[in-house]
Each structure stands twice: as C-alpha cells, then as structure tokens.
Amino acid sequence: MTSKRLFNSNFTFLILGQISSLLGNYTLKFALSMYILEQTGSATLFASLLAAAMVPTILISPFGGILADRADRRMVMVGLDACSGAAVLLAALALPKGHDIAVIAVLLVVLSILAAFESPTVQACVPQMLPEERVLQGNAVVNQVSAIASMVTPFLGSLFYTAFGIQPVFYAAVACFFLTALLECLIHLPPVASENHLGLRAILRDDFAATLRFLRREQPAIVKLLLLAALASFFVAGTVVVGFPYLVRTVLGLSASHYGAAESAMGVAAILGGLLVGLLAQKFRPRHLTAVFLLLGLCLLPAGAAFLAPLSSWSRYLILMAAFCVCQMGCSIFSTYSITLIQARTPAQLMGKVMSCVFTLSMCAQPLGQLIYGALFDRFAACVYWVLIPSGLILCVIGCGSAGFFARLRENQTG
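In this report, the structure presented in the accompanying data block is examined. Source: prediction; values computed, not measured.

What to know about the overall build of the protein chain
Working step 1: Along its length, the protein chain carries 15 helices and zero strands.
Working step 2: Put simply, the protein chain has 415 residues, and 54% of those count as buried.
Working step 3: Taking the intrachain contacts of the protein chain between residues at least 6 apart in sequence as the baseline, contacts between residues at least 24 apart amount to 89%.
Working step 4: When the accessible area of the protein chain is evaluated, it comes to approximately 17,100 Å², of which 69% is carbon and sulfur surface.

Shown next as structure tokens:
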C-alpha cells in the first residue's frame, strides 16, 4: 500500500537521489558552458553543441518510455546514474589529452542519451509512489529540487571553475552520480504489469500503437497541451538557455560571477513558482495556465526594452535578471501543473510511454530554439531588442489564442 504521507521512504530516497544527481549534473554543465564560451566566444557554436547533444535524446526518448513501463524502474534509474558517473569519469580522463571541445561534445551527447531513459522513468515513479491527492505536491517538490539545484550550482560551478579549473568539477560530478545510484538502490517499487514474454519487435509495435491510440482517440487534449508546452520550451530554450549567458557574458561583458548570481536568482524564482503551485494545489485550475503563458511573454518585453534605453551595463543586467526570474517562475508553474494534468489522465501501464512523449516534444523544441536563437543573437548582437521584444509578443499572442482550450480543460483521471 502507498503511504498517505508525501515524504514516504520511497519518495524521500528519490528526492535525495535527485538532489545529488542534479547538483553534479548542473554544476558540471554550468562549468562546461563557461569553458566553451571562454574558448570560442560564439553563441552559435555554444548553441550548436547544446542542440547537437539533444538530437539523440529526441530519437531515443520513446524507447525510454517503453523501458520505464516494461522493466524494473528502480534498477533502470540505478543503472543509468551509474553509467552517467562512468561517462563523466572517462571524459575527465580524456580531457587533458587534447581535443577538449570534441570530448565535451561527446560527453553532452552521452549524458543526453542517458537522460532520455531516466527522465520518463522518474516521472512515472512519482504517481506510483504517492496517493492521488499528493501527486501535484510531489511533482512540485521534484520541480523545487531542480530549481534549488539551479540556484546553488551556478555559485558552485563558478567557484570551482574559477578556483580550480574544469577538472575538479568533473570528479565532483562523478561522485554525485554514484551517490545517486546508491540512494536509488534503497527504493522499493511494485512491478508494473506488462507482457514481457513478447519479442522486442512485438513490444515496440504494440507499445507505440497503444500510446498513439491513447493520445489520438482517448486523450487528444494531452496532445494539445504537449504542443503548447513545446512552444513555450522553444522560446524559453532560446532566450534563457542560450540568450541569457550570451547577453551577460558577451554583450554586456560581465564576469562569470555575475552570470552565476543571476542563475541562482532564477533558481530562487523557480522555487517560489513550485511553492506557489503546492500551496494553491486545491485552487489552481487549468484556465489559470492562460495567465501563466501570458506571463512568459510579458517578461521578455522589459528585457528587450532595456537595450533600447540609454542604460549602463549594470542597469541592463538587473533588468534582465528580474525579467528572466519572472520567466523561470512561470515555467516552474506551467511545467508542474501540466505534468500533473497529464499524469492524472494517464493509466499506470502507459505512464512511462506518455511521459516520454512529454519529454520528446519538449526536447524537439529546445534544440530548434537554441539553434535559431543562437544565430539570431549573433546576428543582432548590437540590437538584441529585435530578438527579445518580438519573442515576447509572439508568446502573448499564443497565450491569448490558447485561452479557450485551457478554459475547457478538465482534470479528469483515466482509470
């Protein structure tokens, strides 16, 4: 029987493992982003590396969902985190031998492939560990852990990278991944019923067919929600993931410490967004997602206007930080509530596959957004308001156009 408490033993070990994994992963990726930007100075190359690393993830994510529904989810998580630690260790040993950018590119691809299998597994575990009335709070906690890691790791990354260089960051990430695997060994989950006697081809055919039938015929609202989430991911990946570090480090010419402080502030904003969802769990409704979508667009307008006004670099930095903090808060609210809506409408035997669709669509939008916005920020480096302001207006139009859909959406759970 699932405990009625939010922090039962299984969920506690999952969260502790996520804390360890995300601290290592985010600190490493922050340090790598600083290393790549300092070595190349190009937003296009930086964005291209991030986008190229995501392509295998997009192709493999559906298989990750099948694995999450067919295999022991605990052992899947343990194996994937152990492989992540081994991959980072090998990269750390190879980096001093030369071809550092190529080594980093390969590592990002490997970590993205492993994430394609782990993300749907973790998301499928949450409703299996918690009672129905605790799932929204559980998803909020998972998002808050990610936000806290986003807040802490820029300081850790900038501190370790500035003081010791890139190599110690690699070894710290290795320790975090192996600790996560150890914590996940302590999780106990009942097996999900599945027809494992089928051959691989039959499993792939039947599982893909069942997922498509479910999404197309039984829950078409999930598909529409996924498409809206993908649109939000496209703009956020372009403006926040690629644009923000480029604006702070290259356009404004500020230090890695300034970027780290801003990333931490955005982490605090994401935590506040998760707390808000948890506190208003009984009052929040799908129609409120319209306001959240509009918020994502409106926060980009002052960010662009800051480059139209005759302001100092420090003033523009503060405006950018405030605007993107609001954006992060909105993203946290939107993703937490959207995932909970999807989980409530999905039966247990399809949970991993549907969650992999969520992950895949989001990942499809991110590299496209990163590539396009990387080129745009390079092209309009002297007038970045031509990138930020139109992006904000487009998001506002999408939010207004989706108001009817969100108003009709209901939290009906599929048996």
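Once you've had a look at it, read on.
Overview of a nonpolar patch on the surface
Working step 1: A cluster of nonpolar side chains, namely Val268, Leu272, Leu275, Leu276, Leu279 and Leu280, defines an oily patch on the protein surface of about 510 Å² accessible area.
Working step 2: Summarising the element assignment, Leu275 is placed in helix H9 (residues 256–279).
Working step 3: Leu275 sits in the partly exposed class, given a relative accessible area of 38%.

Describing the environment of Thr340
Working step 1: Tracing the sequence through the fold places Thr340 in helix H12 (residues 313–344).
Working step 2: Thr340 has contacts with Val135, Leu136 and Asn139, leaving out every residue within four places of it along the chain.

Remarks on the side chain of Arg316
Working step 1: Along the chain, Arg316 falls in helix H12.
Working step 2: No salt bridge is formed by the buried Arg316, whose closest oppositely charged neighbour, Asp378, lies at an N-O distance of 16 Å.
Working step 3: In this structure Arg316 touches Leu252, Ala306, Phe307, Ala309 and Leu311, once residues within four positions along its chain are discounted.

Some thoughts on the environment of Ser158
Working step 1: Its location among the elements puts Ser158 in helix H5 (residues 135–164).
Working step 2: Look at Ser158 and you get buried, because its relative accessible area is 10%.
Working step 3: Along the backbone, Ser158 and Thr27 are 131 residues apart, and their C-alpha atoms lie at a distance of 8.5 Å.
Working step 4: In this view, Ser158 contacts Phe30 and Ala256; residues no more than four positions away in its chain are not counted.

Some details on the nonpolar core
Working step 1: Core analysis: the biggest nonpolar cluster contains 94 residues, and Leu28, Val88, Leu107 and Phe170 have the highest contact counts within it.
Working step 2: Here this core gets 15 residues from one element, more than from any other, and that element is helix H8 (residues 220–251).
Working step 3: With near-sequence residues (within four places) excluded, Leu107 lies in contact with Leu28, Leu32, Ala87, Val88, Ala91 and Phe170.
Working step 4: Membership of the second largest hydrophobic core comes to 17 residues, among which are Leu6, Met77, Val126 and Leu130.

Overview of the environment of Gln219
Working step 1: Of note, Gln219 is situated in the loop between helix H7 (200–218) and H8.
Working step 2: Among the residues examined, Gln219 registers a relative accessible area of 10% and is labelled buried.
Working step 3: In sequence terms Gln219 and Thr346 are 127 residues apart; their C-alpha atoms lie 8.6 Å from each other.

A word on the state of the cysteines
Working step 1: Scanning all chains against the criterion turns up zero disulfides.
Working step 2: A disulfide-free cysteine, Cys325 has its sulfur positioned 9.8 Å from the sulfur of Cys327, the nearest such atom.
Working step 3: According to the relative accessible area criterion, Cys325 is buried, its value standing at 14%.
Working step 4: Of all cysteine sulfurs, the one in Cys400 lies closest to Cys396, which takes part in no disulfide; the gap is 6.7 Å.

Description of the packing of aromatic side chains
Working step 1: On inspection of all chains with the given rule, the structure shows eleven aromatic pairs.
Working step 2: Pairing Phe293 with Phe334 gives two aromatic rings, centres 5.6 Å apart and planes at 85°, and the pair type is edge-to-face. Here Phe334 lies in helix H12 and Phe293 lies in helix H10 (residues 289–298), a separation of 41 residues in the sequence.
Working step 3: You can call Phe293 buried: its relative accessible area is 0%.
Working step 4: Residue Phe334 is classed as buried on the basis of its relative accessible area, which comes to 5%.
Working step 5: In this structure an aromatic cluster arises from ring pairing among Phe234, Phe235, Tyr246, Tyr373 and Phe377.

Structural notes on the packing of H10 against H12
Working step 1: Direction vectors running N to C along H10 and H12 enclose 145°, while the axes themselves pass 9 Å from each other. Relative to H12, the crossing made by H10 is left-handed. Taken together, the residues of H12 that come into contact with H10 (itself represented by Leu289, Val292, Phe293, Leu295 and Leu296) are Val326, Cys327, Gly330, Cys331, Ile333, Phe334, Tyr337, Ser338 and Leu341.
Working step 2: The class makeup of the residues in the contact of H10 with H12 is twelve nonpolar, two polar and no charged.

What counts and what doesn't
Residues numbered from 1 in each chain as written. Predicted model: local features only at pLDDT ≥ 70, side-chain atom pairs only at ≥ 80, totals over all residues. Heavy atoms only, no water. Helix = DSSP H or I, 4+ residues; strand = E, 2+ residues; numbered from the N terminus. Buried < 20%, exposed > 50% of the residue type's maximum accessible area, 1.4 Å probe, protein only. Contact = heavy atoms within 4.5 Å. Areas by Shrake-Rupley, 256 points an atom, 1.4 Å probe, with all protein chains shown as cover. Patch = residues over 30% accessible without salt bridge, like charges linked within 9 Å, V, L, I, M, F, W, Y side chains within 5 Å. Salt bridge = Lys/Arg side-chain N within 4 Å of Asp/Glu carboxyl O. Lys, Arg positive; Asp, Glu negative; His and termini not counted. Core = buried A, V, L, I, M, F, W, Y, C linked by side-chain atoms within 4.5 Å. Disulfide = S-S within 2.5 Å. Phe/Tyr/Trp six-rings, centres within 6.5 Å; stacked < 30°, edge-to-face > 60°. Axes fitted to C-alpha atoms, helices over the stretch in contact; angles between N-to-C directions. Left-handed = near helix turned anticlockwise from the far one by under 90°. Nonpolar A, V, L, I, M, F, W, Y, C, P; charged D, E, K, R; others polar.

By themselves, these figures tell us nothing about what the structure is for.
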